[in-house]
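# Residue-level structure breakdown
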Amino acid sequence: MADSSTQGGETLLFLTDEQLRKGIEAMFFAYRGFTADPDRILDKHGYGRAHHRAIHFINREPGLTVTTLLSVLGVTKQSLNRVLRTLIDDGLVESRVGRKDKRARHLHLTPTGEALERELSGAQRERMRGAYRTAGPQAVAGFRQVLEAMMDPDMRRHYQMLKDDS
């Protein structure tokens, strides 16, 4: 449902290319800020953003299968295997054989992995909390609607499943 209200004199239904460009640039710079704190933490451990994403989703859904994680992250098996091998070897993630399907591998964070996840997500929660407080509740709801509208249908389905679990 679109809102034809105005904010700052701009009709939200009819954005110019310049307004859209500014929105795109804001997303780039916001993402850079959003990832800066975790990047510093990851760098201390010799990890990158792929490790962070894997840790995040394994924490979000303990017992997540490798197949589901592949789908959520949208990466190749080779890329994910490299990340998981490192996290498992370093004692942050454990892979358990499925009870029903012995071929399935279920991923769980170890206490060390949980501690790193808390540190990473804590930094991002603080940044989000500050931005949300500054923007106000209407902006928070609108921001979430914009993000959801930008998701591809398959990613929206994954997001909705996670969102429904909370």
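Residues numbered from 1 in each chain as written. Predicted model: local features only at pLDDT ≥ 70, side-chain atom pairs only at ≥ 80, totals over all residues. Heavy atoms only, no water.

## What about the overall build of the protein chain?
Quick note on the threshold: Numbering of helices and strands runs from the N terminus; a helix is a DSSP stretch of H or I covering at least four residues, while a strand is a stretch of E covering at least two. With a 1.4 Å probe rolled over the protein chains alone, any residue whose accessible area is under 20% of its type maximum counts as buried; one over 50% counts as exposed, and the rest are partly exposed. Note on definitions: a residue-residue contact is assigned when non-hydrogen atoms from the two residues lie within 4.5 Å. In this charge count, Lys and Arg are treated as positive and Asp and Glu as negative; neither His nor the chain ends contribute. Taken as the charge centre is NZ of Lys, CZ of Arg, CG of Asp or CD of Glu, depending on the residue.
The number of helices and strands found in the protein chain is 7 helices and 5 strands. Helices (α) and strands (β) of the protein chain occur, in sequence order from the N terminus, as β-β-α-α-β-α-α-β-β-α-α-α. In terms of principal-axis extent, the alpha carbons of the protein chain reach across some 60 × 35 × 25 Å. When each of the 166 residues of the protein chain is scored for burial, the buried share is 27%. When contacts within the protein chain are restricted to residue pairs at least 6 apart in sequence, long-range pairs at least 24 apart make up 49% of them. Distance between charge centroids for the protein chain: 5 Å, based on 26 positive and 22 negative side chains.

## Focus on the pattern of salt bridges
This is how the line gets drawn: The salt bridge criterion pairs a side-chain nitrogen of Lys or Arg with a carboxyl oxygen of Asp or Glu, the two atoms within 4 Å.
Under the defined criterion, the tally for this structure stands at 10 salt bridges. For Glu 119, the salt bridge goes to Lys 44, with nearest N and O atoms at 3.9 Å. Of the two residues, Glu 119 is situated in helix H5 (residues 111-135) and Lys 44 in helix H1 (residues 17-45); the sequence distance between them amounts to 75 residues. Note on Glu 119: relative accessible area 35%, which makes it partly exposed. Its relative accessible area of 64% is what places Lys 44 among the exposed residues.

## Quick notes on the domain arrangement of the protein chain
Interface size is commonly expressed as the accessible area that is lost once the parts come together. Quick reminder of the rule: Annotation comment: domain bounds sourced from an automatic or database domain assignment. By buried area we mean the combined loss of accessible area, with a 1.4 Å probe, across both parts when two parts are placed together. Under this definition, polar contacts are N or O atom pairs within 3.5 Å; protein pairs additionally need one hydrogen-donor-capable and one acceptor-capable atom, and for neighbouring residues in sequence, both atoms have to be side-chain atoms. Residues were grouped as follows: Ala, Val, Leu, Ile, Met, Phe, Trp, Tyr, Cys and Pro as nonpolar; Asp, Glu, Lys and Arg as charged; and all remaining residues, including Gly, as polar.
Examined at the domain level, the protein chain breaks down into domain 1 (34-131) and domain 2 (136-165). Computed from C-alpha coordinates alone, the two centres of domain 1 and domain 2 are separated by 21 Å. Taken together, the 5 residues of domain 1 in the interface contact 6 residues of domain 2. On the domain 1 side of the interface with domain 2, the three residues burying the most area are Arg 60, Ser 71 and Val 72, jointly 63% of the side's total. Seen at the junction of domain 1 and domain 2, the total is 0 salt bridges. Where domain 1 packs against domain 2, one counts 1 residue pair in polar contact (both at pLDDT 80 or more). At the level of elements, helix H2 (49-60) and helix H3 (66-73) are the ones that each hand at least two residues to the side of domain 1 that touches domain 2. Residue composition of the side of domain 1 that touches domain 2, grouped by class: 2 nonpolar, 1 polar and 2 charged.

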